[in-house]
Amino acid sequence: MSHAAVPPVLVIHGGSGVITHDLTPAKEKAIRAALAKALENGYAALKAGKSAVAVVSAAIVVLEDDPNFNAGKGAVFTHDGKNELDAAIMDGDTRRAGAVAGVQRIGNPILLARAVMEKTPYVMLSGRGAEAFAQSIGMPLVDPSYFRTEERWQQLQKALKEDSAGKPHADDETTKHFGTVGAVALDTDGHLAAGTSTGGINDKRWGRIGDSPIIGAGTYANSDCAVSATGWGEYYIRTVAAHAICMQVSQMRVPLKRAAAVVINQEIPALGGNGGAIALDAHGNIAIPFNTDGMYRGWIDASGVPHVAIHGDEDDGSSAPPAPAPADSTGDAGGQAQ
Ligand code: ASP
């Protein structure tokens, strides 16, 4: 389905669960710069008439390459001291999708997820098989040491100490380094896409796969709505969060902001989970609900002005886009829990 021409919109995130006392001024500056660069690259592609899928991957590659985020380089470590990465991408109009899970040698998992969508009859490939597919299409494999950063290594050491002291840390700050990255875009043809890439959760075991690569849980797009989530993945899987938001928008005509808030700030916390999401509808309305201290986020709405924000109390400075927004006249990018 094709929509009347609308101004392009791009929304990105670099994860929820921002821990304010961990955020040095230098790190905050680097994160804001990376978010701005991802917006800039993605928006340049949008303005050049590239598809929403191409824009989403262009923005996510910037964040995967930046060691400050839990995706690509800088991914968290598993309990066994490895990096196992997950990613997914979805094209809203065709509802084609591609995903990879548990890959250990792919520098940009979002590009492999896109290749799964575009070059195979499958939706999700995992582990070694996904890496063999990458090789078959000439995508270079990286040495597993590529992903390592000292900061993530120390986060694992802290979690391991807590493990051996018998201290549960499933809900503590060590585990809640939700630095997953994602993007949703509305291109100049009115098509939507969503993508998400992550290292998962610090100290994860036994081949654990989170919500990010699961279509409908952490990533979903159709012709009305696109969502990329970040947070405690098990809850996003159990609520099929991204799909739950889009179904309200598509089938029940619930305004995007309300649909996203119901799932992220009501349904998930009621079960004991937390996190956030970015959501975009076909009219250019944006919603960025989260219930953590902060969320790394950025957007360029129909006005064309880039915005970057981190903290929960930051003035997002945005309101409904100037484009006609019949489905959600209250759509905004306000990120505060509600
Ligand atoms: N949702 C991701 C996962 O559970 C974590 C994150 O958002 O950082 O794998």
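Above this text you will find the structure in question.
Residues numbered from 1 in each chain as written. Predicted model: local features only at pLDDT ≥ 70, side-chain atom pairs only at ≥ 80, totals over all residues. Heavy atoms only, no water.

Across the sheet, 8 strands lie side by side as β4-β3-β2-β6-β5-β1-β11-β12; this open sheet has mixed pairing. A single partner strand is all that each edge strand has here, and the edge strands are β4 (124-126) and β12 (306-311). With direction set aside, neighbouring strand axes in the sheet form an average angle of 10°. Bridge count for strand β1 (residues 9-16) against strand β5 (residues 181-186) is 5 bridges, and the pairing is antiparallel. (Pairing = 2+ DSSP bridges. Helix = DSSP H or I, 4+ residues; strand = E, 2+ residues; numbered from the N terminus. Axes fitted to C-alpha atoms, helices over the stretch in contact; angles between N-to-C directions.)

With that out of the way, let us pick up the pattern of salt bridges. Taken as a whole and assessed by the stated rule, the structure comprises 7 salt bridges. The partner of Glu151 in a salt bridge is Lys27, with the nearest N and O atoms 2.8 Å apart. Residue Glu151 is found in helix α5 (residues 150-164), and its partner Lys27 is found in helix α1 (residues 25-47); the two are separated by 124 residues along the sequence. The exposure class of Glu151 is partly exposed, given its relative accessible area of 37%. As a salt-bridge pair, Arg32 and Glu314 come within 3.2 Å of each other at their nearest N and O atoms. Here Arg32, found in helix α1, pairs with Glu314, found in the segment after β12; they are 282 residues apart in sequence, far enough to count as distant. A residue is classified by how much of its surface remains accessible, and Arg32, at 24% relative accessible area, is partly exposed. Taken together, the shared-partner salt bridges in this structure form one network comprising Glu28, Arg32 and Glu314. (Salt bridge = Lys/Arg side-chain N within 4 Å of Asp/Glu carboxyl O. Buried < 20%, exposed > 50% of the residue type's maximum accessible area, 1.4 Å probe, protein only.)

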